[in-house]
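# Breakdown of the fold
This is what each chain is made of:
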Amino acid sequence: MTCLERLLPEIQVTLPDGTRRSFSAGTTPLQVGESISPRLAAACFAAKVDGRMVDVYVPLAGDAKVELVTDRSPEAIDIYRHSCAHLMANAVKELFPEAKIAIGPTIEDGFYYDFDRAVPFAAEELETIEKRMAEIIARDTPIRREEMPWEEAKALFDGEHEPYKSELAFERGQHEPVSIYRQGAFNDFCRGPHLPSTGKIKAGTFKLLSVAGAYWKGDEHNKMLQRIYATAFLSKKDLEEHLRRLEEAKLRDHRKLGRELKLFHIDEDVGPGLILWTPAGSIVRQELQTFISDELRKQGYFQVFTPHIGKLTLYKTSGHFPYYKDSQFPAIVAPESLAEALASDCSCAELMHRVEGVSARLANSLNDRAGREVIGPDQVLPDEKLLDGFLLKPMNCPHHIKVFDSQPHSYRDLPVRLAEFGTVYRWEQSGELNGMTRVRGFTQDDAHLFCTEDQVGAEVRGCLSLVKTIFGTLGLADYRVRVGLRDPDSKKYTGTADNWDKAEDACRDAARTLGVPFTEEPGEAAFYGPKIDFIIKDVIGREWQLGTVQVDYNLPIRFDLTYTGADNAPHRPVMIHRAPFGSMERFVGILIEHFKGAFPLWLAPEQIRLLPIADRHVAYCQTVARDLSDAGLRVTVDARTEKTGYKIREAQLQKVPYMLVVGDREQEGSCVSMRTRTGGDKGVLPLETFKMLALERAGARSLELD
Ligand SMILES: [Zn+2]
Ligand SMILES: [Zn+2]
């Protein structure tokens, strides 16, 4: 040891495996990595020092626990993508110096960056940007963090005429110390961490995907910026796999297939987010509803029908109005109330206030029953001030509660299970709307169960077994459930701790009986009860959240529901809300993508298409069609004078399960020549044999055709 080394103070570094090593003060995490192995150092993206993420070249301040974040760490991909975002902005600034940089975060599967530029980026420009990114990688420019007072960061971005960065430096600087990252002449306002140099990004691992408009800070009153979406993966292979999945997702897009297969239509005049079910799509929906209804009946449910609107008082009692008014269509003011308001020259704001008000009587009874203030005094209006009105129903529950409450119940009647394919309306922002999966009007596969405390477990299990049956029939084998539990530290929950424990155990046990993976998520329950959510994975690995099963202690209190117990005293029932498939719109949208439009026979709008080879076979085909149709199958005849090969291809494109080709031989022998949309020519078989096969497959709701 030289005397100089002895002069430097030493620090103790604890590695994840618990070993401790001494280093001289000022050692960086990268040097710690080098002391272990050069390979490890080369794979180093960042480091966790005492649990905090830092850049690899930042010297350690003293004794510390150091964990190196390499390309194998779960945090690696985010650092990589964020560094790619800076790289992209750097390339844009070199190519288009007039573009102003805004923000560039990572997102699922990639990242984006927003730029203020007069015109959107063209497709060729994205290619040019990608090429420039590769050049900056080749330069292997160091990426360096610099901390500074916010005033200095703001001055730096002001000097660079970067108003968005300057604004961010000012805003963030009020709360925390700020940092910038420099790579060559490019500076970004950023928390980090980042890769230590541009050369750490591998060419061919990122791809610029698309351009979209986006408001600064997501606020429509702000300027519209140009957002470039991109994706990046740690290896070229992973990127290619992802791009292949994106391609496949495009082919499966339910909006595209919905148009091609004429399954549904959205018309601007009817309104965005409002689905028109065309005849073909309606068949799919009807078949699904019949199937679900059959299963519900087997489980002791009763079907009900309720109107699409209800009085405001109903939703004031349930709490759906006015608390959730931002996600609902505005109230419909009753004609006489509107006339009264007009006659009294009431302002619009006052009108709304009078519509949203609650009578003292209702407020008092709700507060009494809840044992706390659920309606504040500011919401209470004198009766003569209240205006009457209706709401397009945002939920079916209040209607079902009124059905339940229309008769007295004894404990012997419970559980009461009321099911409805109930249509509800929600106000979604227009930017959020998406085909059938995000809409403003939808029909839930809804049901409400009214039961005793002791029945909650069995009822939740019943709900889950139904889901299992239906997923199984549709071949949705890959799904998981999430059990939302209460946050043990919070006091916001309705219902006793004892009841909650029981209900949570019931949800957990029920989830276990499914035999699929499930997670427990404390704090994810609603204030009124625990819940179970279903998430399915489709054939290309995408996850879709479907519906939920939810225990509720709150609404029975709000609506003062009771049943007579064995002790002859009134008791409070527990409610279970369940809409496991979410809505028919969303579910069918997901099924279109899952099946790529090729529905199983029982759901296919057109199950069989007869293809006469020549005009002289048309009459026989029509007789066959009538026979099959009488047997309950959906069948058409393609009598056009096109080549048979052309007709077959078209039927295949339209995903018709069975094609029956008929020529002289078939006609003479009362036979058909069968083809399936996937398996090609299946040979000639007697008409009766085919009919039995098709009926058997459809009746069994089979996924197989032959
Ligand atoms: Zn950044
Ligand atoms: Zn409900």
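Residues numbered from 1 in each chain as written. Chains lettered and ligands numbered in written order. Predicted model: local features only at pLDDT ≥ 70, side-chain atom pairs only at ≥ 80, totals over all residues. Heavy atoms only, no water.

## A word on the overall build of the chain
- Of regular secondary structure, the chain possesses 23 helices and 33 strands.
- In terms of principal-axis extent, the alpha carbons of the chain reach across some 100 × 80 × 60 Å.
- Summed over all atoms, the accessible surface of the chain reaches about 33400 Å², with 52% contributed by carbon and sulfur.
- The averaged location of the 105 negative side-chain charges in the chain is 4 Å from the averaged location of its 90 positive side-chain charges. (Helix = DSSP H or I, 4+ residues; strand = E, 2+ residues; numbered from the N terminus. Areas by Shrake-Rupley, 256 points an atom, 1.4 Å probe, with all protein chains shown as cover. Lys, Arg positive; Asp, Glu negative; His and termini not counted. Charge placed at Lys NZ, Arg CZ, Asp CG, Glu CD.)

## Topic: the side chain of His448
- Inspection of the secondary structure assignment puts His448 in strand 21 (residues 441-451).
- Within polar-contact distance, the side chain of His448 engages the side chain of His400 at 2.8 Å.
- What His448 contacts, discounting residues up to four positions off in sequence, is Asn396, Cys397, His400, Val416, Arg417, Leu418, Met575, Ile576 and His577. (Polar contact = N/O pair within 3.5 Å; in protein donor to acceptor, adjacent residues only side chain to side chain. Contact = heavy atoms within 4.5 Å.)

## Describing the coordination of the zinc ion (ligand 1)
- Protein coordination at the zinc ion (ligand 1) comes from His82 (NE2), His86 (NE2) and Cys190 (SG), with a distance range of 2.0 to 2.4 Å.
- In the primary sequence, the donor residues of the zinc ion (ligand 1) line up as H-x3-H-x103-C. With His86 in helix 4 (residues 76-95) and Cys190 in the loop between strand 11 (186-189) and strand 12 (206-215), this pair connects stretches of sequence that are 104 residues apart. In this pair, the class of His86 matches that of Cys190, namely buried. (Donors = N, O, S within 2.8 Å, 3.2 Å for Na, K, Ca; no water. Buried < 20%, exposed > 50% of the residue type's maximum accessible area, 1.4 Å probe, protein only.)

## Observations regarding helix 15 (residues 397-404)
- Helix 15 sits mainly inside the fold: 6 of its 8 residues count as buried.
- For helix 15, every residue scored as buried is listed here: Cys397, Pro398, His399, His400, Ile401 and Phe404.
- In the core, the buried residues of helix 15 are packed alongside strand 17 (309-311), helix 11 (312-318), strand 20 (416-425), strand 21, helix 18 (555-558) and strand 28 (574-579).

## What about the coordination of the zinc ion (ligand 2)?
- Coordination of the zinc ion (ligand 2) by the protein involves Cys397 (SG), His448 (NE2) and His577 (ND1), with metal-donor separations of 2.0 to 2.4 Å.
- Read N to C, the donor residues that coordinate the zinc ion (ligand 2) are spaced as C-x50-H-x128-H. With a gap of 180 residues between them, Cys397 in helix 15 and His577 in strand 28 connect regions that are remote in the sequence. You'll find Cys397 and His577 in the same group, each marked buried.

## Some points on the sheet that holds strand 5 (residues 64-70)
- Here 5 strands make up an open sheet; going across it, the order is 2-1-5-3-4 and the pairing mixed. Each end of this open sheet is capped by a strand with a single partner; those strands are strand 2 (20-24) and strand 4 (52-54). Averaged over all pairs of adjacent strands, the angle between strand axes in this sheet comes to 40°, irrespective of strand direction.
- Judged from the 2 bridges that link them, strand 1 (residues 10-14) and strand 5 form a sheet pairing that is parallel. Its bridge partner being in strand 5, Thr14 is matched across the sheet by Lys65.
- In this fold helix 2 (residues 29-36) packs onto strand 1, strand 2, strand 3 (44-49), strand 4 and strand 5, with an angle of close to 120° to the strand it touches most, strand 2.
- Where helix 4 meets the sheet, its contacts fall on strand 3, strand 4 and strand 5, and the angle it forms with strand 3 comes to roughly 120°. (Pairing = 2+ DSSP bridges. Axes fitted to C-alpha atoms, helices over the stretch in contact; angles between N-to-C directions.)

## Some points on the packing of helix 16 (residues 456-473) against helix 17 (residues 497-513)
- Between helix 16 and helix 17, whose axes approach to 9 Å, the crossing angle comes to 30°. Looking at the two axes, helix 16 sits roughly parallel to helix 17. Judged by the sense of rotation from one axis to the other, the crossing of helix 16 with helix 17 is right-handed. From helix 16, Val456, Gly457, Val460, Arg461, Leu464 and Lys468 reach across to helix 17, where they touch Ala503, Ala506, Cys507, Ala510, Ala511 and Thr513.
- Looking at the contact of helix 16 with helix 17, its residues break down into 8 nonpolar, 2 polar and 2 charged. (Parallel < 35°, antiparallel > 145°, perpendicular 65-115°, else oblique. Left-handed = near helix turned anticlockwise from the far one by under 90°. Nonpolar A, V, L, I, M, F, W, Y, C, P; charged D, E, K, R; others polar.)

## Details of the side chain of Lys165
- Structurally, the position occupied by Lys165 is in helix 7 (residues 163-173).
- The buried category is assigned to Lys165, whose relative accessible area is 3%.
- Excluding anything up to four places from it in sequence, Lys165 contacts Ile101, Ala102, Ile103, Tyr113, Phe157, Asp188 and Phe189.

## Remarks on the sheet that holds strand 11
- One open sheet accounts for 3 strands, arranged 9-10-11; its pairing is antiparallel. Where the open sheet ends on each side, the last strands, each with one partner, are strand 9 (143-148) and strand 11. Averaged over all adjacent pairs, the angle separating strand axes in this sheet is 25°, with direction ignored.
- Pairing of strand 9 with strand 10 (residues 178-183) involves 6 bridges; the strand directions are antiparallel. By the bridge assignment, Glu146 is partnered in strand 10 with Ile180.
- Helix 4 rests against strand 10 and strand 11 of the sheet, and its axis sits at about 130° to strand 11.
- The sheet strands contacting helix 7 are strand 10 and strand 11, and the helix crosses strand 11 at an angle near 40°.

## Quick notes on the pairing of strand 29 (residues 608-612)
- Along strand 29, 5 of the 5 residues are buried, which leaves the element largely enclosed by surrounding structure.
- Along strand 29, one buried face is formed by Ile608, Leu610 and Pro612 and the opposite face, lined by Arg609 and Leu611, is buried too.
- Running through helix 20 (residues 618-630), the crossover from strand 29 to the neighbouring parallel element strand 30 (residues 635-637) is right-handed.
- Sheet analysis places strand 29 next to strand 31 (residues 658-662), joined by 5 bridges and oriented parallel. Bridge pairing in strand 31 links Pro612 to Val662. (Right-handed = clockwise from strand over helix to strand, strands pointing away.)

## Quick notes on the nonpolar core
- Counting residues in each nonpolar core, the largest one holds 68 residues, and the members touching the most others are Phe471, Leu474 and Phe534.
- For this core, the element with the highest residue contribution is helix 16, accounting for 8 residues.
- Not counting residues up to four positions away in its chain, the partners in contact with Leu474 are Leu288, Phe587, Leu591, His594, Phe595, Trp602, Leu603 and Leu703.
- With 34 residues, the next largest nonpolar core counts Val69, Phe115, Met133 and Leu234 among its residues. (Core = buried A, V, L, I, M, F, W, Y, C linked by side-chain atoms within 4.5 Å.)

## Quick word on the environment of Glu704
- If you trace the backbone, Glu704 turns up in the segment after helix 23 (687-699).
- Under the relative-accessibility criterion, Glu704 is labelled exposed at 52%.
- Counting along the chain gives 104 residues from Glu704 to Pro600, while the straight-line C-alpha distance between them is 7.4 Å.

## Here's the deal with the pattern of salt bridges
- Under the criterion given, the structure shown has 59 salt bridges.
- Salt-bridge contacts for Lys48 lead to Glu75; the nearest nitrogen and oxygen are separated by 2.7 Å. Within this pair, whereas Lys48 is found in strand 3, its partner Glu75 is found in the loop between strand 5 and helix 4, the two being separated by 27 residues in sequence.
- Across the pair Lys93 and Glu162 runs a salt bridge whose closest N-O atoms are separated by 2.6 Å. On the criterion of sequence distance, the pair formed by Lys93 in helix 4 and Glu162 in the loop between helix 6 (150-159) and helix 7 is long-range, its members being 69 residues apart. (Salt bridge = Lys/Arg side-chain N within 4 Å of Asp/Glu carboxyl O.)

## Concerning helix 6
- The complete set of buried residues in helix 6 reads Ala153, Leu156 and Phe157. When helix 6 is viewed along its axis, its buried side chains cluster within an angular range of 90° and face the same direction.
- In this structure, the buried residues of helix 6 make contact with strand 9, helix 7, strand 10 and strand 11.
- Looking one or two places after helix 6, you find His161, whose phi comes out positive at around 55°. (Arc of directions from axis to C-beta.)

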